[in-house]
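Residue-level structural notes
Listed below, chain by chain, are the residues.
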Amino acid sequence: MWTLQTPPPCRLQNPYSSYRPRPISMSFGDSSTTTTSIKPFSRNYNESIQSFCKKGQLKEALQLLFHEPNPTQRTYELLILSCSNKHSFTDALTVHRKLIDDGFEQDPFLATKLINMFSHFDSIEQVRQVFDKIYNRTIFLWNAFFRALTLAGHGLEVLELYTHMNTIGIPSDRFTYTYVLKACVVVASLSKGKEIHAHILRHGYHRHIHIMTTLIDVYARFGCVHNATCVFSEMPEKNLVSWSAMIACYAKNGKPLDALDLFRDMMSYALLPNSVTMVSVLQACAALAALEQGKLLHGYILRKGLDSILPVLSALVTMYSRCGALDLGRRVFDQMGKRDVVAWNSMISSYGIFGFGAKAIETFREMIRQGVSPSPVSFVSVLGACSHAGLVVEGKQLFDSMWKEYKIYPSVEHYACMVDLLGRANQLEEAAIIIQDMRIEPGPKVWGSLLGSCRIHCNVELAERASRRLFELEPTNAGNYVLLADIYAEAKMWDKVKQVRKLLEAKGLQKVSGCSMIEVKRKIYSLQSVDEINIHIEQIHALLLKLSMEMKQNGYVPDTRIVLYDLEEEEKERILLGHSEKLAVAFGLINSSKGEAIRISKNLRLCEDCHSFTKLISKYTNREILVRDINRFHHFANGVCSCGDYW
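Before going into details, it helps to say that this report is about the structure given with it. (Residues numbered from 1 in each chain as written. Predicted model: local features only at pLDDT ≥ 70, side-chain atom pairs only at ≥ 80, totals over all residues. Heavy atoms only, no water.)

Some words on the overall build of the protein chain
- Of regular secondary structure, the protein chain possesses 32 helices and 6 strands.
- Expressed along its principal axes, the backbone C-alpha trace of the protein chain runs to roughly 120 × 55 × 50 Å.
- Per-residue burial for the protein chain yields a buried fraction of 51% across its 647 residues.
- Sequence separation of 24 or more characterises 64% of the internal contacts of the protein chain that already satisfy a separation of 6 or more.
- Summing over all exposed atoms, the protein chain offers an accessible surface of approximately 31,500 Å²; the carbon and sulfur share of this is 52%.
- In the protein chain, 74 side chains carry a positive charge and 66 a negative one; their mean positions are 5 Å apart. (Helix = DSSP H or I, 4+ residues; strand = E, 2+ residues; numbered from the N terminus. Buried < 20%, exposed > 50% of the residue type's maximum accessible area, 1.4 Å probe, protein only. Contact = heavy atoms within 4.5 Å. Areas by Shrake-Rupley, 256 points an atom, 1.4 Å probe, with all protein chains shown as cover. Lys, Arg positive; Asp, Glu negative; His and termini not counted. Charge placed at Lys NZ, Arg CZ, Asp CG, Glu CD.)

A few points about unusual backbone geometry
- Phi at N622 is positive, roughly 55°, even though this residue is not glycine.
- As for its placement among the helices and strands, N622 is situated in the loop between α32 (608-620) and β4 (625-628).
- The backbone of N638 sits at a positive phi, close to 55°, despite the residue not being glycine.
- Within the secondary structure, N638 sits in the loop between β5 (633-637) and β6 (640-641).
- Judged by relative accessible area, N638 falls into the exposed class, the value being 59%.

Quick notes on the sheet that holds strand β2 (residues 523-528)
- On the basis of which strands lie adjacent, the open sheet formed by 6 strands has the order β2-β1-β3-β4-β5-β6 and mixed pairing. Looking at which strands have only one partner, the edges of the open sheet turn out to be β2 and β6.
- Pairing of strand β1 (residues 515-520) with β2 involves 6 bridges; the strand directions are antiparallel. Considered in β2, the bridge of M517 is made with S526.
- The strands touched by helix α15 (residues 275-288) within the sheet are β1, β2, β3 (598-602) and β4, with β4 carrying the most contacts at an inclination of about 115°. (Pairing = 2+ DSSP bridges. Axes fitted to C-alpha atoms, helices over the stretch in contact; angles between N-to-C directions.)

A closer look at helix α12 (residues 225-234)
- Those residues of α12 that sit buried are V225, A228, V231 and F232. Here the buried residues of α12 occupy an arc of 125° about the axis, which is enough to place them on one side. Turned more than 90 degrees from where α12 packs its buried face, H226, S233 and E234 sit exposed.
- On its buried face, α12 sits against α10 (190-202), α11 (209-221), α13 (240-252) and α14 (256-268). (Arc of directions from axis to C-beta.)

Regarding the packing of aromatic side chains
- Throughout the structure, instances matching the rule amount to 19 aromatic pairs.
- Aromatic pair W142 and F146: ring centres 6.0 Å apart, planes at 55°, arrangement tilted. Here the residue W142 and the residue F146 both occupy positions in helix α7 (residues 139-151), the gap between them amounting to 4 residues, near one helical turn. For the residue pair W142 and F146, the accessibility class agrees, reading buried in each case.
- The interplanar angle of 65° and the centroid separation of 5.5 Å between the aromatic rings of F399 and Y415 together place this pair among those described as edge-to-face. Placement of F399 in helix α22 (residues 392-406) and of Y415 in helix α23 (residues 412-424) is noted, with a sequence separation of 16 residues between them. Just as F399 is buried, Y415 falls in that class too. (Phe/Tyr/Trp six-rings, centres within 6.5 Å; stacked < 30°, edge-to-face > 60°.)

Let's talk about the packing of helix α3 (residues 73-85) against helix α5 (residues 108-120)
- Two numbers describe how α3 lies on α5: the axes approach to 9 Å, and their chain directions differ by 10°. As judged from the angle between their axes, α3 and α5 are roughly parallel. Within the contact between the two elements, α3 uses Q73, Y76, E77, I80, C83 and S84 and α5 uses F109, L110, K113, L114, M117 and H120.
- Per-class residue counts for the contact of α3 with α5 are 7 nonpolar, 3 polar and 2 charged. (Parallel < 35°, antiparallel > 145°, perpendicular 65-115°, else oblique. Nonpolar A, V, L, I, M, F, W, Y, C, P; charged D, E, K, R; others polar.)

Comments concerning a negative patch on the surface
- Together, D566, E568, E569 and E570 give the surface a local cluster of negative charge.
- Residue E570 is classed as exposed on the basis of its relative accessible area of 68%. (Patch = residues over 30% accessible without salt bridge, like charges linked within 9 Å, V, L, I, M, F, W, Y side chains within 5 Å. Salt bridge = Lys/Arg side-chain N within 4 Å of Asp/Glu carboxyl O.)

A look at the pattern of salt bridges
- Taken as a whole and assessed by the stated rule, the structure comprises 28 salt bridges.
- For D559, the salt bridge is made with R561, and the minimal N-O distance between the two is 2.8 Å.
- Between R574 and E571 there is a salt bridge; the shortest N-O distance is 2.9 Å. Here R574 and its partner E571 are both found in helix α30 (residues 569-576), 3 residues apart, which amounts to about one turn of the helix.
- We classify R574 as exposed; its relative accessible area is 51%.
- Its relative accessible area of 30% is what places E571 among the partly exposed residues.
- Salt bridges sharing partners connect three or more residues here, namely R455, D486, R605 and E608.

Points about the nonpolar core
- If you look at the biggest cluster of nonpolar residues, it comprises 173 residues, and the most contacted ones within it are L79, I115, F146 and L450.
- Once residues within four sequence positions are removed from consideration, L450 is found in contact with V419, L428, A431, I435, L462 and A466.
- I540, V563, I600 and C610 belong to the second largest nonpolar core, which has 33 residues in total. (Core = buried A, V, L, I, M, F, W, Y, C linked by side-chain atoms within 4.5 Å.)

Some points on the pairing of β5
- Both β4 and β5 contribute to a ladder of 4 bridges, which runs antiparallel. Paired with I625 across the bridge in β5 is F636.
- The loop that links β4 with its antiparallel partner β5 comprises 4 residues.
- With 2 bridges connecting them, β5 and β6 associate as antiparallel partners. Residue pairing for β6: A637 is matched across the bridge by V640.
- Between β5 and the antiparallel strand that follows it, β6, lie 2 residues; N638 among them carries a positive phi value of about 55°.

Quick look at the packing of α14 against α15
- At a minimum axis separation of 8 Å, α14 and α15 run at an interaxial angle of 140°. Classified by the interaxial angle, the pair formed by α14 and α15 is oblique. Every pair of crossing elements has a handedness; the one defined by α14 and α15 is left-handed. Where α14 approaches α15, its residues P256, L257, A259, L260, F263 and M266 are matched on the opposing element by T277, M278, V281, A284, C285, A287 and L288.
- Here the contact of α14 with α15 is built from residues that sort into 12 nonpolar, 1 polar and no charged. (Left-handed = near helix turned anticlockwise from the far one by under 90°.)

Quick look at the environment of D107
- Along the chain, D107 falls in the loop between α4 (89-101) and α5.
- Separated by 208 residues in sequence, D107 and A315 have C-alpha atoms that sit 46 Å apart.
- Polar side-chain contacts of D107 include one of 2.9 Å to the backbone nitrogen of F109. (Polar contact = N/O pair within 3.5 Å; in protein donor to acceptor, adjacent residues only side chain to side chain.)

See below:
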C-alpha cells in the first residue's frame, strides 16, 4: 500500500537528466590501488543493449546487461520499454531487480517508466512498491501513479492522493487533472467531478483543450448534457477531439438530432472527421432510424478510407440494422476481413432486435467456432434475442453456460435478461425466484424487467412487489409509476389508478411523452403525442380519422384499455389517435412516395392499439412499415407483424 510521506526539502532535479556512473573499485594482484575508471568495453555494451532493445531483441539485450557493470539511465529506459512491447512480465521483474542493484531505485525518471510498465501488466502492487520507494517525487511520477491507479479501477485512491498532493503543495498540471477527472468517473462521483472542475477554473486551466475535452467526456458519462454543452461552448479553442467528444455526448445521451446538427457545424469549419467521430454520428443515425443519412455517411467512409477500421464497420452494421435494413447490415458484416467480438456482438444484437432469436444463437455459436471468445456483452445480446423470440429453453442453457464454460459471472444486465425472458413467456413466478436467489443486489433493471412483464400479463400482485422496490431505488422515475397505473387500469382498479396519479403529482413527476421520429427525403421529423404544434397536424388528424373509420368497417376495434382515464369510449378513442407513432405513420403516408417503406423510431414501448392499427394500415395502404420501439423492431407488411404479436 502507498504511504503518505512528505518529501524532504531539496533542490528540484531534472527528471530527464542521466545519473553519473558510480566509481568502481578494482584491485590488481597485491596492489590495493583504487581507480575510478570504466572498463573500455562498457560503453559498447550499453550501446549494444540499446541497439538490441530497439530491434526488439530483448533476450539478447538482457544477456549483455549482466556483463555491463555501469548500465546507463538510457539503457534501462529502453529495457523497460522493450519489456512492455514484448509483454514479458518475467523479464520486467528481472530488469527491475537489476535496476535496484545498480543503484537506480531513487531515479524519478526511471521510476515513472517502471510505473507505466507495471501498469501495462496490471500489476498494481508492483506499481505501489515503485512509488513508495521514491521520496523526490516529480509531477511526472505522480501523474504516472494516478494513471496506473485509474486504469486499475482504484479511483478513490487517486482522489485521496490528489488531496494529499495539494496539501503538500505540489502543483497539478494538465495531465494530473485529466487522470483525476477520469478517477471521478471510476468512483461514479459527479460531485467530485464538479469540484475538480472548480479547481481547473481556479488555477487557470480552462484554456487547455485536452483538459476541457476530458471534462466534456466526464459530464457525458454522467448524462449531464447541459454541463458538457456549457464547457464546449465556452472553450476558446476547439480541435477535432473536442468536437468529437461533444458529438458523442449528444449521441449517447438521447439527443441524436443535436449530434447530427453539431456534426454539420463541425464540417462547416472544414474539420475532417476521424473514425471516432464517425462512430458517434452513425450511432445518432441509428437512434433516429435515419437510413438515407446513414447511407450518405457510409459513402463518406468509403471515400476517406475509413472502411478498414473495425469500430467504424461495427457501427455501420448496427446503424443499418437499427434503421430497419438488416440485409445491408449483414452485407457489411460479411465483407469485413477481420471481425472482433464487438463486430460479432453487433450482428447478434441486430438479429435480436428483429426477433430472429434462432439466427442470433446461430451467429453466437459461429463466433465461438471461429475462435472469438464471447464477452459479457455477447451474452446480453444473445439472451435479449432469446427473450424477444420466446426461446426460454435456449436462453436458460446459454445463461448456465456463462460460468460453466466461459467463466463469465452473470451481472445485473444478464439477470435482467433472464427475468425478461421468463416474464414475457408468462413464467413470472420463476422470474421472481431468480431475483430472490441472485447473489448480487437486484438493481432497477431487474425489477423493471419484472414490472414490464407484469404489465404484459396483468399480474397485479407481483407488479406491486416490483414497484415498491423500484419506488425505493428510482424515486424520480415516472415511468415506473405509469407502468403500475397501466396494470391497475387493465385490471379495472380505477381507485388504484387515481392513487398512483396522485402520487405522481405529489412528487412533481410527469409521464414521459411519447415521441416518434421519421426520416422523409433525408430530413428528420419529430412528432409528439397529442402534438398541436406541427404545421401538418390538421392534415395528419384528418387522414387518421378517415383511416380509422374505414378500418372499423373492416373489423378494427380500438383497444381503449390502455387509456388511464375513466372516460367515455369516444374520448378514449380520440386520445389513442393522438399517439405519436400513429401521427408518424400518417405523416409518412402523406409525405412519401407510393410503395415507399415508412421507417419510424419511438422512445417508448409500442402500445397494443398502435400495434393493431399499424398492422391494418400496412394492409389497407399496401405499405411496408417499420417501427422500432424501445425494445425491438416491428416489421409490418400486408397486415402481419414480424413479432408475431409477441413483444
